[in-house]
Structures are given as C-alpha cells and as structure tokens.
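Chain by chain, the residues run as shown.
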Amino acid sequence: MGGKPYYITTPIYYVNDSPHIGHAYTTVASDALARFMRLDGRRVFFLTGTDEHGQKVEKSALAAGVDPQTFCDRVSQNFRDMSKLMNISNDDFIRTTEERHTKACQVLWEELIKRGEIYLGTFAGWYSVRDEAFYAESELVDGKAPTGAEVEWVEEENYFFRLSAWQDRLLAFYDANPDFIAPKSRRNEILSFVKGGLNDLSISRTSFSWGIPVPNDPKHVMYVWLDALNNYQTAVGYPDTEGEKYSTFWPADIHMVGKDIIRFHTVYWPAFLMAAGLPTPRRVFAHGWWTIEGEKMSKSLGNFIPPGELVAQYGLDAIRYFLLRELPFGNDGDFSRRAVVHRINSDLANGVGNLAQRVLSMINKNCDAAVPQTGALTAADETLLAAARSLLPRVRVEFAEQAFHRGLEAIWGVIADADRYVDEQAPWTLAKTDVPRMRTVLYVLAETIRHIAILIQPVVPGSAEKLLDQLAAPADQRDFAALATGKLVPGTALPKPEGIFPRYVVEKTGEGA
Ligand code: MSP
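Residues numbered from 1 in each chain as written. Predicted model: local features only at pLDDT ≥ 70, side-chain atom pairs only at ≥ 80, totals over all residues. Heavy atoms only, no water.

**As for the domain arrangement of the chain**
Working step 1: Segmentation of the chain into domains returns domain 1 (5–288) and domain 2 (337–485).
Working step 2: Each side of the interface is counted separately: domain 1 has twelve residues, and domain 2 has 17 residues.
Working step 3: Together domain 1 and domain 2 conceal approximately 1200 Å² of surface at their shared face, both sides included; 70% is due to carbon and sulfur atoms.
Working step 4: On the domain 1 side of the interface with domain 2, the three residues burying the most area are Phe-36, Leu-39 and Asp-40, jointly 50% of the side's total.
Working step 5: At the boundary of domain 1 and domain 2, one finds one salt bridge.
Working step 6: We note a salt bridge from Arg-396 to Asp-40, for which the minimum N-O separation is 2.8 Å.
Working step 7: Connecting domain 1 to domain 2 are three residue pairs in polar contact (both at pLDDT 80 or more).
Working step 8: When contributions to the side of domain 1 that touches domain 2 are tallied by element, the ones reaching two or more residues are α1 (21–39) and β11 (254–258). (Domains from an automatic or database assignment. Contact = heavy atoms within 4.5 Å. Buried area = accessible area lost by both parts, 1.4 Å probe. Salt bridge = Lys/Arg side-chain N within 4 Å of Asp/Glu carboxyl O. Polar contact = N/O pair within 3.5 Å; in protein donor to acceptor, adjacent residues only side chain to side chain. Helix = DSSP H or I, 4+ residues; strand = E, 2+ residues; numbered from the N terminus.)

**With respect to the site of the ligand**
Working step 1: By nearness alone, 24 residues border the ligand, and Ile-12, Asp-51, Gly-258, Asp-260 and Met-297 come closest of all.
Working step 2: Take Asp-51: an N or O atom from its side chain is 2.7 Å from a nitrogen atom of the ligand.
Working step 3: Within the side chain of Asp-260, an N or O atom sits 2.6 Å from an oxygen atom of the ligand.
Working step 4: The fraction of the free accessible surface of the ligand (670 Å²) that becomes covered by protein chains is 95%.
Working step 5: Considering every element that reaches the shell around the ligand, the biggest residue donor is strand β1 (residues 5–14), with four residues. (Near = heavy atom within 4 Å. Areas by Shrake-Rupley, 256 points an atom, 1.4 Å probe, with all protein chains shown as cover.)

Right under this line is the structure:
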C-alpha cells in the first residue's frame, strides 16, 4: 500500500502482570489511531509487544517457580490474546527476549560507547523494582518512591549514561518541537523536570542476570528501560538503518504511553537517540489513568478487570467506544459499570443503532429493500448532507491531536442532526402522502449513515463493518476517500437490516444504570 508512512507504537507491557483494562486502554487508543490513519490513506506500521527483562519479571518468574524465559513465553501470550480479543490491528508484536532485539540493543550500546556517552562508575542510591526506576533521595516521600512504590538501597558498579550533559540539548529540542510532548500539561511537567537539572543515569545492573548482557562485560545486564525503549527501533530493523523498513518508518510518528512512563519516553529516550546520532520520535502522547468504581486499581483490592470479562458482558465495540468517548484523552477518569451502561444505551443503542435501524427498516419495507431513488434536494436535505460531509476534516483535526472524545462528539453531533431530520421529515407520513419525497428523505438519511459508518470504523470496527454491509457499501469503498467518491447507488439491493447495538438491560443485581 502506498501513502505517507505513519509509525505508531503502544508501550510494551511488563509480563509480570496479566492484562487488565489499563493495558487495554493504551492499546485500543493506539489501534483507533492506527486504523484512522490507514483509512486516511497512510501507510501504517503499528507495533505492540511485551517488555520481558529486568528484576521485576525475574522476581515474578521466581515466585511462579519457573525459569524467566518459560514465564515470559507464557505471559507474553496473554498480551497477544488481549490484542486479538480487542480486535487490535497491530502489524508486529515484539518481545524483548527475541534475538533481533538483543542485537539491536548491543549495537546501540556499542554506538554510545564509541561516542563517549557511557562510562563505568559506582552507583549508590534508591531503586524501585516495581517502577524499574532510580530515585534521588530528594524525590522520596516518606521513604517511598513518589509513585508510592517501595524502594531499596542499591550500591554497585554500574555503567552510566551521561544524561547530565544533555540537559541543554533536550531543552533546545523541546523548544524546537513544541508538539513532541502532549498534552500540554505533561509538556510543562517535563520542562520543569529537565530545567531542574539531570543526573547521569545508571544503565546497567550486576546484582541479577535477567537482561541483555552488556557487550564485552557480560557480568552487567542493561538497564531494562534502555532495553525496552529500543524496541521501537528494533521492530523497524535497527541496526539496519539503511534498510527499507527503518528508512521508511523511523523516526516513529507517535509513541502512545500512560502518564506514568512519560519521563522515560520524553527525557531518556530522545537523549539516548541524540547521543547515538539517531533521529528522535515526533511525538509522545501520555494518557491519564483509570480508577475502577472510584478506587485505584491495586493488587490488595483485587480490582484489576480483565478485558475479557468486560467484552463478554458488554460487547467488544461497546467497550472500545466507552474507553475512547468517556474521558477527554489525556485526563484521568473513573471506570464504572453504571457509566458503561449509560454510554451503551444512550450513544450506541439509542444513538447510532436506533437511527440506522429506523432508516434501514423503512427502506426495507417501503423501497423494495433497495437504495431509494432520489429527487430534487431541499434545503433541509442539503444541510444534513453538508454536515455529514464536513465531518472528515473535523474528525481528522481531532484525531491528529489524539482528541478521540472530540472526534466522536462531532460524529455524534451529526447523528443527532439526522435524528431531528427524521422527526421533521416524518418519512412514515410521506409513505402515505408523497412517496417520491419519502424516497429522497430516506436516500439522504442512508447517505448520512454511510458517512457515519465509515467514520466510526477506527473506534468500533466490527459494528461499522456490519453497518456498511447493511448499506451494501462495496469493500473497496469503505476508506475515507470513499466519503467523497463512493455515494450509494439507487437501486442497489440491501440485505435485511439487523440491530447493531442492542440495548443493555441491567439485571436486578444492584448494578446501577
Ligand atoms: N514496560 C513498561 C513500558 C515500556 S515501553 C518502552 C510499562 N509496562 S506496564 O505494563 O506497566 O504498563 C503499560 C501501560 O499501561 C502504561 O502506558 C500505563 O500507563 C498503562 N496503565 C497501567 N495501569 C493503568 C490504569 N489504571 N489506567 C490507564 N492506564 C494504565 O510501563
């Protein structure tokens, strides 16, 4: 496929946890963006995968009584399964224990050595295994990491990356690339962190062995974040920087991450890359965190929701839609079953589902189950069609800024316009009084629904596909280019309509709606 390349990544997930709704969130948002860009004609490479090295994973393997590799093989599969379950369209799935990745990290290391960016020293400081991060004494809060994680004192011979020397160049980089860190609030947070001064970063460990061996000094393994971040390059062929894949897709267009890992992606990562003389990614977007029914997700509360459970109960596209519509992307928010049910019923069942069902059943009954003929258009017809046609540029602007909620809001605005139009035009009355006009009204509505169905594909791909099938939209006329060129053809036979978004009926179990 042609088109301007677009490289998008999710974080790679630690294999010490089973997938939960937090992981599904980053992945679904990335998938919606990847699908959007593909439909918009871009040549997309979409990467996800698992982060398998480090002390945290080694400890979890030990606790599970298996060797780390066996443990990783098992848990990594759970993340692949999550991608499948959530209908994720990734083009590759990387595991950091793969040979291609070991090689990529060792080459990057050697490059940094060659350029004098790494030195051997002694580390003495605090380390949090849960965060896989070092903390300065001044950052601790009541003896814990600022994230609340336990820390331990580490004193060992380590290799260091000269991060302190990159402070000014990082600030100049942020300055020259105002869209690199999004949203704005995160950008300010990172700017003040970097302005506060940077310490050199310990990038190897000797007290455990589950990691990529440091070239020429194998008693050291690489710091898991140096290893992990480099996955984004490995997947496009690094160290083969002249290769087709790397030269097409690097630098990445966007790394999608959660707010907890923004510092690694916007300070360490561009510094490593600049230090190695490699191009830096174009953008990092940090989304917020979900609480569950008002509570933080935690092991002690046992409130991690496996995505499979939600999908089984509410339906896949309902969950995908909820995740992207409920919160302004970037903000924190609460995941409650009450809110999910509300969204399903008001936006999906009563919104797009009801509109499509009403219009398609009327066509089925009154227009011989075929796309109706259209007569001259009235001002009301033109207004609705113009609103539908104006959507793509509006939604494109919102998705380019990862404002998925606003993109969806714009689409749902046209769904509301179409609902009002149906009520005003009352095609059921026209069926008795003015059949040609009824046909025109139903045509205008069907064409509006076609626009909506094409545009909601990135977020609810399965349901949108069914809707497009019901409109008999040809398979090669479902991308965004088809919005302008692929009008419904009067006379085309339409299948019997079926409900796409059923209402969710709450059982009387106390679960609110
Ligand atoms: N392995 C690192 C990432 C390395 S990327 C080079 C990591 N993995 S993780 O499995 O702990 O988390 C991955 C993602 O899940 C993060 O983006 C994080 O923000 C997200 N979430 C984890 N819990 C979450 C919520 N409660 N809510 C929303 N997202 C959350 O970090």
